[in-house]
Each structure stands twice: as structure tokens, then as C-alpha cells.
Number of protein chains: 2
Amino acid sequence: MPITVKALKKRISAARGQIPADLVLKGGQVVNVFSGKIQKGDVAIYDGVIVGVGPVYHGKEEKDLAGKWIIPGLIDGHFHIESSMLLPRELAAALLIHGTTTLVADPHEIANVMGLPGIHLMLKESLGIPFDIFFMAPSCVPATHLETAGATLSVSDLSTLKEEPRILGLAEMMNYPGVLMGDEEVLEKIVFFSDQMIDGHCPSLSDHDLQAYITAGIRSDHEATSLQEALEKLENGMMLMIREGTSAKDLKDLLPLINDKNSRRCCFVSDDLHAEDIQQRGHLDFMVREAIRLGLDPVTAVQLVTRNPAEYFNQRDRGAIAPGYRADMVILDNLNRFEVTSVYKDGRLVVDHGVLDDASVAWQKAASIESKPLNIAPLSPESLRIPVSGNKARVIDLVPGQLITHERYEDVKSKNGSVVSDIESDILKLCVVERHHASGCIGLGLVSGFGLNMGAMASSVAHDSHNVIAVGVSDAEILTAVEAVWLMGGGLAVVCDEEVLAETPLPVAGLMSTEPLETLVKQLRSVKKGAAKLGCVLEDPFMVLSFLALPVIPELKLTDKGLVNVNKFEIVPLFL
Amino acid sequence: MPITVKALKKRISAARGQIPADLVLKGGQVVNVFSGKIQKGDVAIYDGVIVGVGPVYHGKEEKDLAGKWIIPGLIDGHFHIESSMLLPRELAAALLIHGTTTLVADPHEIANVMGLPGIHLMLKESLGIPFDIFFMAPSCVPATHLETAGATLSVSDLSTLKEEPRILGLAEMMNYPGVLMGDEEVLEKIVFFSDQMIDGHCPSLSDHDLQAYITAGIRSDHEATSLQEALEKLENGMMLMIREGTSAKDLKDLLPLINDKNSRRCCFVSDDLHAEDIQQRGHLDFMVREAIRLGLDPVTAVQLVTRNPAEYFNQRDRGAIAPGYRADMVILDNLNRFEVTSVYKDGRLVVDHGVLDDASVAWQKAASIESKPLNIAPLSPESLRIPVSGNKARVIDLVPGQLITHERYEDVKSKNGSVVSDIESDILKLCVVERHHASGCIGLGLVSGFGLNMGAMASSVAHDSHNVIAVGVSDAEILTAVEAVWLMGGGLAVVCDEEVLAETPLPVAGLMSTEPLETLVKQLRSVKKGAAKLGCVLEDPFMVLSFLALPVIPELKLTDKGLVNVNKFEIVPLFL
């Protein structure tokens, strides 16, 4: 909403010192993202906006910041909120203490489950908090035709979002083959958003294909993992979003690329960041700390998480400590150690010495969240039966520490003509149960690498369509685990015999908790422990599980439509 | 206009090399404004757009550029077209050969004469040419209340411009006292354009007043003349537009400010640039040459006239040689010497080895230009009579080489009770004749410094209201000169006795010629020579004359309302 003449007049008066500022931070060292220098002086705030920096100001409230550092609030330009399993407001609370005041989110996950209402849910749940969340319109819902998603977002669906001022453009265009092949629907979306920002996602794309993808109007990428890939993308005009998330960690590899000539074309992002990581290591503050430790100039590092993303997204009211900018500010005791002490959002102290000041902040709690229940067709032991129909079967072979899998061929264990889990060989039954339309679609397969010797585990978080995925040693326990997820309205469950050992409810679209960070992290730890009790050898078994249904990461995956050989990009039978 | 899906599909195919490019520039050295490096390779163009850079491409037409340099078309972010006295299309022709392909213009001068129709004239006259002119909406029409302008632009007038896609925001807010005082009308304009760009103009403003001005939302300045002033403005978030025009030359003084950390916040602009200067020294190419000569890194210099202004104005389709960008390109034989060889606009060769290719370019000649005739009330010798009414009179004392004047007090020469020009003391009669509304308003004064010993000269270019200003040794000759200007429908005239010695017609709003650069420059030289024949000692007498009516530059000026003491900002009598 534009400012009124009356309000502007008062801001100008405050800037001139004719009326006192609301707040003056006195004598701090301000990181100037424009000059690249550090200037000592006062910062005057009036009406939520910075009205003066440098010379002496007086305010109704004055705070001595001698010896402290003041930097702009941090901005993450690419974040999937659902990856944190926190509602936007709870995520905001969790990130504020790390100095983040603005996110640009791609609500791709919830859109795959709920479509437009899911995006509106995110828009609504991110209002009324001292934290700004912008959104990009999800470009690829459903992600592929090899799975059943909860919704489809057509161009006309997306067009309804464009009027929303917090929608900044089209989210990462993951369907880069579609762009290159000239898929009409894909190009229609791009053309429709061509006057806004269009984010990219093109792992390993290079040479003419990369140039073609960029020619389409796509202006960023966060998938580069090598220096060479990153440099090629930057040179071709992409904003290089250097990612350090929970699974993908590119900071260390890409940092050597940054120099004084090209740093304006780089920023730091998270992409996917789990609740435990937020609690343990932090957010962009962690990236900046790491970057400084690895040798990056601190002021450049600050630019990467403030000015640069603000400029890329043309958000001219933030990303600097300067007159006319929002008073989104982070106070540090030491610039090099980069530990966030206090945070101001729109001039209000929201984090005071590391503690979120709930009381001072009008956290608008939602009365009720209009989510969508899990819609699963009735299941019976018969639903999970795999008749033996050959000698060798395809087995999904986990690769430790990676999201890719290998396709392996094994003799299977059977009983009464049906395939059963083989604990000795660690070949377990895996199933994906369609949960959006009660279609009864169930994909069945085998996976090696979990190491369970009893029980089962199930999750309603399974990229990208988020059907319910489960693995276990017996059909009965798998069914119990899926039922436990259903009873929670979505979530993670660990089952042994008929008992639910541990669970994490994710009632919002089966993706997000309604709890704050601390509670959620405790629950997540309990399901991890539960899985370990079953003998699971994986450090983060639910994350591994959630990526086994994603048919765009090689080599063998399982969706509700069956086994997918990702290299061929087609459904393949279990038996050879 | 957004691209169609079909056209985008073809561009992507061309980028992939599946269909030949329209044109491939082979083997040149491309200045990469993103990486700050120079890369050797091909540049492929299709449908007016760059579709590939670097790897090998093939095209219907191929051009060997081995050993040459390729940089983006140059962008001037602040230019008053009227200062060149050329129509937009003729200015474009003149600037293209210097590598400029985009201007952001403030049509402030014509708006003072014609109001909104003047701005529409400029919009219309800059269509259909291979050169892009964007406009800022003039913020200060009329400039002051101490003169009679041809028009007033209210907020509601300006609001009609906002729908025009080539209007990028609000032009330089010259009324900085109005901003600081909280003038309602001024702030209304700022609020109205707060979602677009707002340019500034605040010579010597500093400290709290500068911060207040910037707090209002003003994001650039081109008036800094010292390093200290420039640095303060840059630090406070202003885009530093370093100016090298015909009268104001700040390049050399401000260049030492630029370093790798802050260069992104700087660009080069012209502000006012006369036709003769364009012909003799060039445009931004001249500034870049000078900057390199003075030690600036050439790639940084290129960024200052390409990427940086494009980014400031959020024009995401230009300012780089990269996929998806307009094929606006300049070819140089040598980057350091920076002499423009050839120029491409939207992929078309428009300047070939220094020669503008008129034939290949659809120069849409205007059938007729709807200008406004000079509207002057009938004049008689009595109109110019100054009765003697005291001993000492105020005399405008020219300061050589500067726009400021001093106020001097002198005994005047008189005849029959009326003041007359005093050739011996070089105190000549000066008059400003209102020419917009035939009001009959005439300001009369005395000026010292022209050195005329015969004749008179008159001009319809007189900042900012552009009434007719004339100086001469006799009332009769002054009248003849004013009449000569009127007969041309505006222009510059030099008169001796009853004869017109030389003239330059400026029939468009009394400000612009309809001739091309070469013809105009010849005419301008002839009026200069004519003035010299009268004994004029000034190098550029018409420029000096044009600023004598501008009541915002100290110290004593003359408008149609009378003598203005600029320091007091009020009308003062001729006699003490």
C-alpha cells in the first residue's frame, strides 16, 4: 500500500530532525551495502522506516550500540517453507532469531497437494507477522505424469495469482526438458510471467541447452554444484543462488567463484531446510559465518544476503540501511563471528539478545486452517500383495548420503506365491498409496538400504506428489503405519507390530505441523529414534523415504503408478 | 508487448542450434558485464534477441569479428532531449553512431512550453526508430512561480502518463526545498510515483536535509560536483549519475570515487548536451574514453553505461550481451581506445563502420508535428521602455564560464528619462517577453558581459519557461530580433540594424529544430558567428542567454515577471 502524503511529510520532518525519531540506534557500526564500507553513526527510525544514517539524531527511544554492528535484515530468495514442516508463522519465528526478515518462497509442495487453495493458505498464514514472505507461483504442478498429484496448476490457475502483490513471478522452472522441447503449456506460463521474475532450476545444463533455457527468460539458478557450472550460469546472466540446505550443500564448492567483479550476481539461499537444521545451525547467518570463515570479505557476504536478492527481485524497500528503507535490521556483537544478537523488523525489536519477543509482536494465530484431509481408498492386506511373476526383480538400491538410487536385480523371497520382505538380505517392501483422490492406486516395489529388522514406517511427505509412502518388514505393519498417518491427517509414523512407536503429526496438507519449532523437532527426533529401534541404519530415514517417490532423480523410484526408471522416464515392471 | 509462445519456441530452437540464427558475430571478444571478464566466442542473434554467447553457432548471416570487441548498446539514464535542439529521431541518429541505443529522457523543457501535449509529441516522435527512448514524467512544471510558463502539470495530469509503458517514473525532483518543506503538491507527485523510479536533483544538499530528501523515496542524483558530495549521496543509497554535459562537467572530479565495491551504484549521464558537442566529442563513448584514459578499468566503465543504468531502471531486457537480451550491441576495434565502429539495434546493423545506415532503417518521418506557435502580445518600442527611477540600478553581471551571475549596482545611461544600453560600460538592455499566453508580460533589466557594440540577439530557448529572451544595444534592434524569432515560430536570431544576420529556426515548441544534426550545427555556428560580428565576447552567447531567465541559479536573473534575486527567491526592482 502506498504511503500517504501526511505520513510522508512526518517521515521527512523526522529525517530533518524537526520531530524526534521513534528510535535511534546510537553509535553503531553500520555496514553500508552501497559503498561497501563500514560507517559509524546513528540510525534513526520513524514509522518503521529508516530516516537517517550517520549524523547525530535524537529519538523518543535511544539505544547505545557503540561497538556493535548493524546490518540489513537477511533475505532468502529461494525457500520451500514446507521443507521445514513449519507453518509460515512458526518458520518466521524460527528464522527471525537468525536475522532473517524476508523470504521468497516457492509453495510448490503444498500446491501439489492442494493446488490454488494451498497457495492461498500459505499467503494467509504468512500475514500479520513481523516477517515478510513473498511467493513465486509454482511452475510445475504436477511435477510429472508418472505419479498422481493432488492438483494441477494451469496457466489460467496461475493467472489468478498475478494480482496478488506478494507474488513476484514464476517459481523455479524445473521442467527444463519441457522448455527445451518447446512444450506449449510450459512456454505459456513463461510468457505469462515474462514481465515478472522467472526463477530457474537446471542441474548440469550447459552449452547451447543452457543458453536456450536462459533465452526463454529464466534469470536464476540454484542447482549449480561445481565451480564450472556456476560460472557458466553466472556468465550467461543467471543470478547465482548459492544453496546450502539440508540435503544439497554447495556453499564450500561455489564460494571460490565470488570476487569483487561478480559478487553482485550471487546470493545465498536455502532451498530445502529442515527444522532440526534451523535449530542446530541456523539459516543464512550460518552461511555467512561459513563464508567468512572460508575467506569471504564480510561486507560482500552481507551484500549476498541483503542487497543482492533485494535487487534481483526488484524489492526496492529493503536490503540496505539507508534513508527510506524499511527498518529491518540485525545487530551483531561482532561482524566476523556473525552471531545475531538482536533483530528489528519494520523498526520493532522482535529479537532481543537472542530471544524472540513474542509479547511485543502481534502473532496473528490462525483460528483454523482450511487444510485438506487425506483421501485414501480403503486398504486391505490384498492391496499390498505382490504376486511372484518372474525370477529376478528390480530393487531400489539406496546410495548412502545421496538422493540418487541405483537399480539392482535380485532374487526375491516369497511366501504362498507372494513377494515378502527379506530381512536377511535387507530387501524390504515399499509402497506408495495415492492419497488425494481415493483412486486406490498403489505402487509396490522393493528397496534395499533401510536395514529394518522389524516394524514399518510411513510418511505423507513424499516428493513431489506427496502420496503416502511406507516401508516395512510385513504387510500388516505397513498397513498399520499408513493407517497411523491417515489418522493424524498426515504425518510421519513408526510402527512395530500393532503399536505406534512414534509419530509426528503434519495435519496441514500432510506436510506441515501446527507446532512451533521446538515441539516439532522433539517429535521428529522421536520418529528418528523409533526408526532406529526398528533397526534402521539411516541417519535421516524419513528424508530418504520422502525422496524415493520423486521420479526426476535417477535411477529407480516408486510412485503410486508403479516403479519408474528415471533415465528412461517411464514405468517399468517389478519383475524382469 | 509480451512475446508469443510461437515466437519464443523459435528463439529456443535457434538457441539450441536446431534452426540457424539470423546472424552470428563470430569470434569476437565479448565484454561480460556479469562476470566482469572478457570471453571470446560467437554471439548468435535471432528475432532481434541474443540467443547464445560463447560456443560455436551458425547463422544465415555470419560476420567475422576476430580481434574486435563486442559490448552492449550504451544507455544514458538522464538526458534532456531538448538541450540538443534535435527532434528525438534526429537525436537518435546522432547518438547511434556513438554506440548509444537507449535513453531515459526527461521532457521537462517541452512540458514547460506545451504541457502534456508536449510529452505526447516526444513519445510519438521517438517511435518507429531503431533506438529506445524512455521518459520520466516531469516533476516540476512550472519550475517556479517567478515566471510565466506555458503549462502546469498537476498530479492528475501526470497520472495520465503512468499507463504509458515508456514512462518509467517521476523525473528529477528539482524542487528539493518543496520536498523538505513538505509541500503537499510535491509530495502527492512523489507518492503517486512511489511504485516506480523517482529521480533526484539536489545540488549541494547534505546531512539531515539530504537524508530527508532521500527518505521521500528519491533514488538518484546527477548534481554532485565534489567527491565528498558524491560519496555522501552514494552512501545514502542514491544511484550516482556522473554527469558530463555541455555546461556541467563532473567526470574528472568524481571518477576517483569509483571502486570495485561501489561501481554498481554509479552510471554516466549527459543531462544537457548540445548538438555541437555531440558532433565534436560524442556522447557516452566520450565519457568512457575519458574514464579509461583517467585510469578506470574498461570493463567497469562499460558496466557504468550498460548494466548499471539498466538495473537502476529495472529494464531487464538490455544492458548485457547474454541470452534473452535485446541484441543491442556495439562493436569496437579496441576496447581501450573505445571508438565505436559498428552498432546493432535489436539485431539490425544500424551503424556500419561509423556510417549510419539510413537505408536499412525505417526512419518514420513525421508527416507533421503538432507544435504550438509562439503566442506573443503585440510589441511596440514603448514595451521596452525603462523609465529612470533612481540613481543606481541592479545589473546582472555574467561570470565567465559559469551559469551563476552576480548582482552589481551601477549608474545607468539614459536618454529622455529612459534607460538605454551603455556600450562603453558594456551594460546592455535585456528583456524577457512572455510567449505562451500573449499576456504582454515583459521583464526588463540590464546585463554586463556580452560585449555587444551593435545589434541584438534573441532566443526562444530560455530556461525553464522558455519565454523569448533578448539582449541588444537598441530597443529597435531588440524588437527586430524578437520579431525574427517569432517569425520562425521559435529559434535563435542575430540582428543588426534592420537586417537578420543569422538565425536558427526551432519550430518545435521554440526549442527544437526539424533538421538533422549536421544542418543544425551549421545554423548554430552561423548564429555564433553573427553574435561575434556584433562584438559579442562570449564563446557560446545563446547558452549564456538561455540561462539568464532561470531563477533557480544565483544570483540575479530576469524573467517575464521582472528581476529575480535568487538568494531571496523574490522579484526585486531594477532601481535600488
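Look a little higher up for the structure.
Residues numbered from 1 in each chain as written. Chains lettered and ligands numbered in written order. Predicted model: local features only at pLDDT ≥ 70, side-chain atom pairs only at ≥ 80, totals over all residues. Heavy atoms only, no water.

**Student:** Let's hear about the pairing of strand β1 (residues 21-31) of chain A: which residues, and what values?
**Tutor:** Residues and elements named next belong to chain A. With respect to burial, β1 is a largely interior element, nine of its eleven residues being buried. Examined bridge by bridge, β1 and strand β4 (residues 59-64) share five bridges and lie parallel to one another. Residue pairing for β4: V24 is matched across the bridge by E62. Here seven bridges tie β1 to strand β2 (residues 38-46), and the two strands are oriented antiparallel to one another. Within the sheet, the bridge partner assigned to L25 lies in β2 and is V43. Between the end of β1 and the start of β2, which pair antiparallel, lie six residues, with G36 showing a positive phi angle near 75°. Pairing between β1 and strand β5 (residues 69-72): two bridges, direction parallel. (Buried < 20%, exposed > 50% of the residue type's maximum accessible area, 1.4 Å probe, protein only. Helix = DSSP H or I, 4+ residues; strand = E, 2+ residues; numbered from the N terminus. Pairing = 2+ DSSP bridges.)

**Student:** Can you explain the nonpolar core? Please cite residues and give values.
**Tutor:** Among the nonpolar cores identified, the biggest contains 351 residues, and I190, F268 and F450 of chain A together with I190, F268 and F450 of chain B are the most heavily contacted of them. Those residues in contact with I190 of chain A, other than ones at most four positions away along the chain, are L170, M173, V179, I198, A216 and I218 of chain A together with L8 of chain B. (Core = buried A, V, L, I, M, F, W, Y, C linked by side-chain atoms within 4.5 Å. Contact = heavy atoms within 4.5 Å.)

**Student:** A description of the side chain of E125 of chain B should follow, citing residues and the corresponding values.
**Tutor:** Inspection of the secondary structure puts E125 of chain B in helix α4 (residues 116-125). A polar side-chain atom of E125 of chain B sits 2.5 Å from a polar atom in the side chain of R89 of chain B. (Polar contact = N/O pair within 3.5 Å; in protein donor to acceptor, adjacent residues only side chain to side chain.)

**Student:** Any details on the state of the cysteines? Residues and values, ideally.
**Tutor:** All chains considered together, the criterion is met by zero disulfides over all chains. With no disulfide of its own, C496 of chain A lies 13 Å from the sulfur of C536 of chain A, the closest cysteine sulfur. (Disulfide = S-S within 2.5 Å.)

**Student:** Can you tell me about the interface of chain A and chain B, naming the residues and giving the values?
**Tutor:** The interface is formed by 68 residues belonging to chain A together with 67 residues belonging to chain B. Buried surface at the junction of chain A and chain B, summed over both partners, amounts to about 6,000 Å²; 51% is from carbon and sulfur atoms. Inspection of the chain A/chain B interface yields twelve salt bridges. The shortest N-O distance in the salt bridge between E235 of chain A and K37 of chain B comes to 4.0 Å. (Buried area = accessible area lost by both parts, 1.4 Å probe. Salt bridge = Lys/Arg side-chain N within 4 Å of Asp/Glu carboxyl O.)

**Student:** Go over the packing of helix α8 (residues 207-215) of chain A against helix α1 (residues 5-16) of chain B, please, and point to the residues and values.
**Tutor:** The contact between α8 of chain A and α1 of chain B brings their axes to 8 Å, and the two run at 160°. Relative to α1 of chain B, α8 of chain A is oriented roughly antiparallel. Viewed along their axes, α8 of chain A and α1 of chain B form a crossing whose handedness is right-handed. Of the residues in α1 of chain B, those in contact with H208, D209, Q211, A212 and T215 of chain A of α8 of chain A are L8, R11, I12, A15 and R16 of chain B. Tallied by class, residues from the contact of α8 of chain A with α1 of chain B come to four nonpolar, three polar and three charged. (Axes fitted to C-alpha atoms, helices over the stretch in contact; angles between N-to-C directions. Parallel < 35°, antiparallel > 145°, perpendicular 65-115°, else oblique. Left-handed = near helix turned anticlockwise from the far one by under 90°. Nonpolar A, V, L, I, M, F, W, Y, C, P; charged D, E, K, R; others polar.)

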